[in-house]
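# Breakdown of the fold
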Amino acid sequence: MDLAAVTEHSALHAKPAGLTLQYGTAGFRTKAEHLDHVMFRMGLLAVLRSKQTQSTIGVMVTASHNPEEDNGVKLVDPLGEMLAPAWEEHATCLANAEEQDVTRVLVDISEKEAVNLQQEAFVVIGRDTRPSSEKLSQSVIDGVTVLGGHFHDYGLLTTPQLHYMVYCRNTDGQYGKATIEGYYQKLSTAFVQLTKQASCSGEDYRSLKVDCANGIGALKLKEMQHYLAQGLSVQLFNDGTKGKLNHLCGADFVKSHQKPPHGMEMKPDERCCSFDGDADRIVYYYLGAEGHFHLIDGDKIATLISTFLKELLLEIGENLNIGVVQTAYANGSSTRYLEEVMKVPVYCTKTGVKHLHHKAQEFDIGVYFEANGHGTALFKKAVEMKIKQLAKELDNKKQKAAKMLENIIDLFNQAAGDAISDMLVIEAILVLKGLTVQQWDALYTDLPNRQLKVKVADRRVISTTDAERRAVTPPGLQEAIDALVKKYKLSRAFVRPSGTEDVVRVYAEADSQANADSLAQEVSLAVFKLAGGIGEEPQPRF
Ligand code: 16G
Ligand code: MG
């Protein structure tokens, strides 16, 4: 390691005095102007991680659904997964080191992690469409090169596309070609093969309105369109030519406000969906004939997918275990439907993709989705091989099911939740099952729910257990929540400190919207009183 060169370059990417940041569930995220030093240092760290794992490491510059002024960065591990927890701590340490300590921290990390400094390093970089992203990705590259690492800059990519590239590069191309064309080809071939097997013509299913949050999803969907040929025609809204990124649009806006994005022309019964700013989340929705807005979130997407997979498995007669992984935010109706009607086992993990992803890896087929629309399905390698084999051997009817499974495995992004890939999976399933968006929505009825946030002096006073469904501290809070929940029917509530914002999040559901609203408000008040609320006391707002 040329430490003198590191010191020299590091000074060009100076850390603002007094700034401390944490590598949270989604990497580092804050105002773009505070991130230059973080980017440079993550370039350094990616080189060490690459040397240690002897693999290609990814660096993605994005702040997903945050406002356009923000930015962020996260590292992608060799199999396209989120960075290992021990390295999240290294990332935090390195990002917060004072200028004179940067080289010492680098040496510490190398020693602790037994990094062979002679090893070659390779880093791939992607970025979203934010105005600040290009310059910030240059700072990453500066960090990579000063430590002698090699790199490939993919430029503009969705986050899941970068995960895909990393996965491809570390599996000798077996997963796919590590190029943007490779990605489009893999997905579109699987989609066309899959939808060919539909018995109906699918005329009604072919067009879809997509709100791209004025982000990278629009560019990439435009590029992909001609690969899909006649298979699906997408009409893009909020494609970035006029509006501001994530402003009053995108999956996060639609899910949290439970209303349509601005800038989208919706007619009753038309199938629509929204991506978030880096295209790793998707939610669907439509206007009912009566003009009501109907949201189809990650829970209902997981239900559609797992039901379809389970039916195919029954047809081929293979006893493979399938599990669905959710978080505490999953609507109670979805969990009940999956367990009681579909007889699919459901598991709950803490919020954050890495927790769901790891749990899902335990099953032959693991479907995971957060209610906010981030998710995918994972297939064990042995299962994939077995299905490929069956697709060649079985008799006609079974062979058709096995072939569909084979195609759908290729259609899912196995590295991360991916709005484009999920959209194609959903569109294919709707065509194959002959379902309209209304019929899909009618699988079960969501329990009315409400999310609120409470500002407290220090959100770390709240600690939780049981996959964030129960509060351990501060004392008395869980008892207060229990007492409030008892007042309502079909009710449930929990609180958790946010991993991305300086607030405590409150979730409540109950038999009616009015009850969900007042339960959420009462729980917010309990948090405010028992956990050191600041500012105005939560008031009834609905
Ligand atoms: C991040 C997470 C997402 C989670 C959200 C929760 C990843 C890649 N993303 O966006 O999974 O739902 O944070 O935010 O892990 P919160 O902690 O502020 O509620
Ligand atoms: Mg995102």
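Residues numbered from 1 in each chain as written. Chains lettered and ligands numbered in written order. Predicted model: local features only at pLDDT ≥ 70, side-chain atom pairs only at ≥ 80, totals over all residues. Heavy atoms only, no water.

Going by an unreviewed UniProt entry, the protein chain carries the name Phosphoacetylglucosamine mutase and comes from Oryctolagus cuniculus. Regarding the protein chain, the UniProt comment filed under Catalytic activity (unreviewed entry) reads as follows: "N-acetyl-alpha-D-glucosamine 1-phosphate = N-acetyl-D-glucosamine 6-phosphate". In its Function (unreviewed entry) section, the UniProt entry covering the protein chain states "Catalyzes the conversion of GlcNAc-6-P into GlcNAc-1-P during the synthesis of uridine diphosphate/UDP-GlcNAc, a sugar nucleotide critical to multiple glycosylation pathways including protein N- and O-glycosylation." (UniProt positions renumbered as here; feature names shortened; annotations may be inferred.)

### Side note on the overall build of the protein chain
Counting secondary structure elements, the protein chain contains 18 helices and 19 strands. Expected size for 542 residues packed as a compact globule is a radius of gyration near 24 Å; at 23 Å, the protein chain falls within 12% of this value. With the C-alpha coordinates aligned to their principal axes, the bounding extent of the protein chain is approximately 65 × 60 × 45 Å. Looking at the protein chain residue by residue over its 542 residues, the buried ones come to 59%. Considering only contacts in the protein chain between residues 6 or more positions apart, those separated by 24 or more positions represent 69%. When the accessible surface of the protein chain is split by element, carbon and sulfur atoms take 50% of a total near 21,600 Å². Mean positive and mean negative side-chain charge positions of the protein chain (59 and 70 charges, respectively) differ by 3 Å. (Helix = DSSP H or I, 4+ residues; strand = E, 2+ residues; numbered from the N terminus. Rg over C-alpha atoms; globule rule 2.2 N^0.38 Å. Buried < 20%, exposed > 50% of the residue type's maximum accessible area, 1.4 Å probe, protein only. Contact = heavy atoms within 4.5 Å. Areas by Shrake-Rupley, 256 points an atom, 1.4 Å probe, with all protein chains shown as cover. Lys, Arg positive; Asp, Glu negative; His and termini not counted. Charge placed at Lys NZ, Arg CZ, Asp CG, Glu CD.)

### Overview of the site of ligand 1
As a structural note, the neighbourhood of ligand 1 is formed by 16 residues, with Glu 370, Ser 498, Gly 499, Thr 500 and Arg 505 the closest of them. At 2.8 Å, a side-chain N or O of Arg 496 approaches an oxygen atom of ligand 1. At 2.4 Å, a side-chain N or O of Thr 500 approaches an oxygen atom of ligand 1. Surface burial for ligand 1 is 92%, taken as the share of its 450 Å² of free accessible area covered by protein chains. (Near = heavy atom within 4 Å. Polar contact = N/O pair within 3.5 Å; in protein donor to acceptor, adjacent residues only side chain to side chain.)

### Comments concerning the nonpolar core
Ranked by size, the top nonpolar core spans 89 residues in total, and within it Val 210, Phe 275, Leu 309, Ile 408, Met 423 and Leu 424 carry the most contacts. Among the elements that line this core, the one with the most residues is helix 15 (residues 419–433), at 11 residues. Leaving out residues up to four positions away in the same chain, Met 423 has contacts with Leu 208, Val 210, Leu 221, Leu 232, Val 234, Cys 273, Phe 275, Ile 282 and Tyr 284. Leu 35, Leu 94, Ala 97 and Val 146 belong to the second-largest nonpolar core, a separate cluster that totals 42 residues. (Core = buried A, V, L, I, M, F, W, Y, C linked by side-chain atoms within 4.5 Å.)

### Let's talk about the coordination of the magnesium ion (ligand 2)
Distances from the magnesium ion (ligand 2) to its protein donors, namely Ser 64 (OG), Asp 276 (OD), Asp 278 (OD) and Asp 280 (OD), fall within the range 2.0 to 2.2 Å. Between consecutive donor residues of the magnesium ion (ligand 2), the sequence gaps follow S-x211-D-x1-D-x1-D. In this pair, Ser 64 is assigned in the loop between strand 2 (56–61) and strand 3 (70–76) and Asp 280 in the loop between strand 8 (272–275) and strand 9 (282–287), connecting sequence segments 216 residues apart. For Ser 64, a relative accessible area of 3% gives the class buried. Judged by relative accessible area, Asp 280 falls into the buried class, the value being 7%. (Donors = N, O, S within 2.8 Å, 3.2 Å for Na, K, Ca; no water.)

### Details of the UniProt feature "coiled-coil region" (unreviewed entry) in the protein chain
Taking the numbering used here, the UniProt-annotated feature "coiled-coil region" (unreviewed entry) corresponds to residues 380–414. Between the C-alpha atoms that bound residues 380–414 there is a distance of 10 Å. The span itself is 83% helix and 0% strand.

### Some words on the pattern of salt bridges
This structure, assessed with the given rule, holds 31 salt bridges. Between Asp 77 and Arg 49 there is a salt bridge, and its shortest N-O distance comes to 2.7 Å. Linking Asp 77 in the loop between strand 3 and helix 3 (85–96) with Arg 49 in helix 2 (residues 36–53), this pair joins segments that are 28 residues apart in sequence. Judged on exposure class, the residue Asp 77 and its partner Arg 49 are both buried. (Salt bridge = Lys/Arg side-chain N within 4 Å of Asp/Glu carboxyl O.)

### Considering the sheet that holds strand 5 (residues 150–156)
Sheet architecture is open: five strands sit in the order 1-3-2-4-5, paired in mixed fashion. The outermost strands of the open sheet, each flanked by one partner alone, are strand 1 (28–31) and strand 5. Between one strand axis and the next, the sheet turns by 15° as a mean value, whatever way the strands run. When strand 2 meets strand 4 (residues 122–127), the two strands line up parallel, connected through six bridges. The partner of Ile 57 across the bridge, within strand 4, is Val 123. (Pairing = 2+ DSSP bridges. Axes fitted to C-alpha atoms, helices over the stretch in contact; angles between N-to-C directions.)

### Considerations on the sheet that holds strand 13 (residues 365–369)
As summarised here, the arrangement of the four strands in space is 12-11-13-14, forming an open sheet in which the pairing is mixed. Two strands lie at the open edges of the sheet, namely strand 12 (346–349) and strand 14 (375–379), each paired on one side alone. Direction aside, the axes of adjacent strands within the sheet are offset by 20° on average. As paired strands, strand 13 and strand 14 are joined by five bridges and run antiparallel to one another. Paired with Tyr 368 across the strands is Thr 376, a residue of strand 14.

### Points about the UniProt feature "binding site: substrate" (unreviewed entry) in the protein chain
Under the local residue numbering, the UniProt record ascribes the feature "binding site: substrate" (unreviewed entry) to Glu 370, Ala 371, Asn 372, Arg 496, Pro 497, Ser 498, Gly 499, Thr 500 and Arg 505. Position of Asn 372 relative to the elements: it lies in the loop between strand 13 and strand 14. Setting aside anything within four residues of it in sequence, one finds Asn 372 in contact with Lys 255, Arg 281 and Val 283. Mapped onto the elements of the fold, Arg 505 is located in strand 19 (residues 504–509).

### Structural notes on unusual backbone geometry
Peptide bonds are, in most cases, trans, and in most cases residues other than glycine have a negative phi. With an omega of 0°, the peptide bond running from Thr 473 to Pro 474 counts as cis. When you line up the elements, Pro 474 lands in the loop between strand 17 (470–473) and helix 17 (477–486). Residue Gln 258 is not a glycine yet carries a positive backbone phi of 50°. Mapped onto the elements, Gln 258 comes out in the loop between helix 9 (251–257) and strand 8.

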